[in-house]
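If you want the building blocks of each chain, they are given just below.
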Amino acid sequence: MDGSLEHGLERAVAARRDEVAALTRDLIRIPTLNPPGRNYLEICEFLGARLAAKGFDISYVRARGAPADSDAHPRWNMIARHEGGSGGDCVHFNGHHDVVEVGHGWSVDPFGGEIRDGRVWGRGACDMKGGIAAAVLAAETFVETCPSFRGAVEISATADEESGGFGGVAWLAERGWFAPERVQHVIIPEPLNKNRICLGHRGVWWAEIETKGRIAHGSMPFLGDCAVRHMGAVLAEMEATLFPLLAGRHTAMPVVPEGARAATLNINAVHGGEPEQEEGYDGLPAPCVPDRCRITIDRRVLIEEDPEEVKREIRALMERVRARRPGFDYEIRELFEVRPSMTARDAPVVRSVERAIGRVLGAAPDFVVSPGTYDQKHIDRIGRLRNCIAYGPGILDLAHQPDEWVGIDDMVEAAQVMVLTLSDLLGG
């Protein structure tokens, strides 16, 4: 790559420091809460209008029929494409526009987009509206500075990553938007820290386990069969056998943080007996023996594990409990499954981002794998595109926290890495 061109691209991005902060602020001020999926069209049209003014062709795509899509809360996605010369590749930046609930403990307005102390504050600042803003600035700077580039630059703002991505990247991938003959390189600017290249993620299996009993009057529990007690035996068996087994099972994938290099299981929810009453109800519960108890499990899967064996382990555990408990009955319902994904260290997009990080930050990047899944799973499995990574500004530990923020200098440097990557892959 030409050194003077690199320097010019870096300076052009640095000159837009205030602009990247303002764009992040404006994106935060559109509260795209998921659930239920608010203001998706508004944020897509906001970004689309901006990119159209820079010469991008804009497509607005609703994921009709996707999970959670409704007329009240339609699942909208925006794809912007800028064509260069013929014969080159397409580099695609994909960012999810939805954010999680606010929660408690904020000292700033979660949707104010306050700019202070070199940071932009608010829900989604880190995860991942700051990443979207950095990608937009990088793409705009590149097409303005290098109008004779080869191939194409794309940016998408997609729905529902926080709830599985089925109304966003999965829906688009099923319809060919990420087919390898259309897109050759994908960068997802998730907040993995500006000096890291994220090659992929662990897998996940979500399931609901239900123990069954028989209802009876609470004063005569011997006439019923308590499903909650049965579930207690299941949890005790997990503590005695499954959790120690998983703690001793480790991956060679560079998962961060260190604890996530082991196979893990989380008890995500427990529901048993009489449902909780509406807030304000001050009566007593009815005296009944619970005939149903359910837990939701979140099992994170290592690339070395067989996903079918993961499921067999749970079934075997349930059968051990059955063998010891008269009348024990259960049901397992699978909810969600994602296989582990990891892009090769020598993939073209990895090499280009690695070189750009070395130039901008003056040090080699760390190569990591995410403990949780993100939309790479759909680009890999559905889109059949393995040349995909996550790289973006922001500190991962701040995601979903109160007082979430993203550093302005971090966005600028990440945008510089992105613009140099575009120049390396598409010329200029």
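As shown above, the structure is provided for reference.
The structure contained in this document is the topic of the report that follows. Treat the numbers as computed from the prediction; the structure is a model and nothing was measured.

Thresholds applied
- Residues numbered from 1 in each chain as written.
- Predicted model: local features only at pLDDT ≥ 70, side-chain atom pairs only at ≥ 80, totals over all residues.
- Heavy atoms only, no water.
- 1 Å grid on protein atoms, 1.4 Å probe; cavity = no way out; pocket = protein on both sides within 12 Å on 5 of 7 lines; lining within 4 Å.
- Points joined across faces, edges and corners; volume = space filled by probe spheres on them.
- Helix = DSSP H or I, 4+ residues; strand = E, 2+ residues; numbered from the N terminus.
- Nonpolar A, V, L, I, M, F, W, Y, C, P; charged D, E, K, R; others polar.
- Pairing = 2+ DSSP bridges.
- Contact = heavy atoms within 4.5 Å.
- Axes fitted to C-alpha atoms, helices over the stretch in contact; angles between N-to-C directions.
- Core = buried A, V, L, I, M, F, W, Y, C linked by side-chain atoms within 4.5 Å.
- Buried < 20%, exposed > 50% of the residue type's maximum accessible area, 1.4 Å probe, protein only.
- Salt bridge = Lys/Arg side-chain N within 4 Å of Asp/Glu carboxyl O.
- Polar contact = N/O pair within 3.5 Å; in protein donor to acceptor, adjacent residues only side chain to side chain.

**Regarding the layout of surface pockets**
Inference 1: The volume enclosed by the largest pocket comes to roughly 740 Å³.
Inference 2: Every element with two or more residues in the lining of the largest pocket is listed here: strand S9 (203–212) and strand S12 (329–338).
Inference 3: For the lining of the largest pocket, the per-class residue count stands at 12 nonpolar, six polar and seven charged.
Inference 4: Roughly 190 Å³ of volume is contained in the second largest pocket.
Inference 5: Forming the walls of the second largest pocket are Asn34, Pro35, Pro67, Ala68, Arg75, Val100, Glu101, Asp160, Glu162, Ser163, Phe166 and Gly167.

**What about unusual backbone geometry?**
Inference 1: The omega torsion of the bond from asparagine 34 to proline 35 falls at -5°, within 30 degrees of zero and hence cis.
Inference 2: Mapped onto the secondary structure, proline 35 falls in the loop between helix H2 (17–28) and helix H3 (40–52).
Inference 3: The omega torsion across valine 256 and proline 257 is -5°, close enough to zero to call that bond cis.
Inference 4: In this fold, proline 257 is placed in the loop between helix H6 (227–247) and strand S10 (264–272).
Inference 5: For aspartate 160, which is not a glycine, the phi torsion comes out positive at approximately 70°.

**So, the sheet that holds strand S16 (residues 405–407)**
Strands belonging to one sheet form pairs held by backbone hydrogen bonds; the direction of such a pair is parallel or antiparallel.
Inference 1: Taking strand neighbours across the sheet as the criterion, the three strands line up as S4-S5-S16 in an open arrangement whose pairing is antiparallel. Since the sheet does not close on itself, it has two edges, and those belong to strand S4 (115–116) and S16, each with one partner.
Inference 2: In terms of strand pairing, S4 meets strand S5 (residues 119–121) through two bridges, oriented antiparallel. When the sheet's bridge partners are listed, arginine 116 is paired in S5 with arginine 119.
Inference 3: Helix-sheet contacts for H2 involve S4, S5 and S16, and the interaxial angle to S5 is about 10°.

**Observations regarding the nonpolar core**
Inference 1: Core analysis: the biggest nonpolar cluster contains 63 residues, and Phe142, Val153, Val353, Ile389 and Tyr391 have the highest contact counts within it.
Inference 2: With 12 residues, the top contributor of residues to this core is helix H10 (residues 408–426).
Inference 3: Counting residues in each nonpolar core, the second largest holds 25 residues, with Leu172, Leu192, Ile379 and Cys388 among its members.

**Thoughts on the pattern of salt bridges**
Inference 1: For the coordinates displayed, the defined rule picks out 47 salt bridges.
Inference 2: For glutamate 237, the salt bridge is made with arginine 320, and the minimal N-O distance between the two is 2.8 Å. Remark: arginine 320 occurs in helix H7 (residues 307–324) and glutamate 237 occurs in helix H6; sequence separation between them is 83 residues.
Inference 3: A relative accessible area of 8% places glutamate 237 in the buried class.
Inference 4: On the accessibility criterion, arginine 320 (35% relative accessible area) is partly exposed.
Inference 5: Via salt bridges that share partners, Glu208, Glu210, Lys212, Arg292, Arg294, Glu331 and Arg333 belong to a single interconnected network.

**Overview of the environment of glutamate 304**
Inference 1: Inspection of the secondary structure puts glutamate 304 in the loop between strand S11 (292–301) and H7.
Inference 2: Under the relative-accessibility criterion, glutamate 304 is labelled partly exposed at 46%.
Inference 3: In this structure, the C-alpha to C-alpha distance between glutamate 304 and proline 340, residues 36 residues apart in sequence, is 9.1 Å.
Inference 4: If near-sequence neighbours (up to four positions away) are discounted, glutamate 304 is found in contact with His250, Thr251, Ala252 and Met253.
Inference 5: A distance of 2.7 Å separates polar atoms of two side chains, one belonging to glutamate 304 and the other to threonine 251.

**Quick notes on the pairing of S11**
Inference 1: With eight of 10 residues buried, S11 is to be regarded as a mostly interior element.
Inference 2: Sheet topology note: the S9/S11 ladder contains 10 bridges and is antiparallel. Note on S11: the bridge partner recorded for glycine 203 is valine 301.
Inference 3: Pairing analysis gives eight bridges linking S10 to S11, with the strands arranged antiparallel. Bridge pairing links threonine 264 to arginine 300 in S11.

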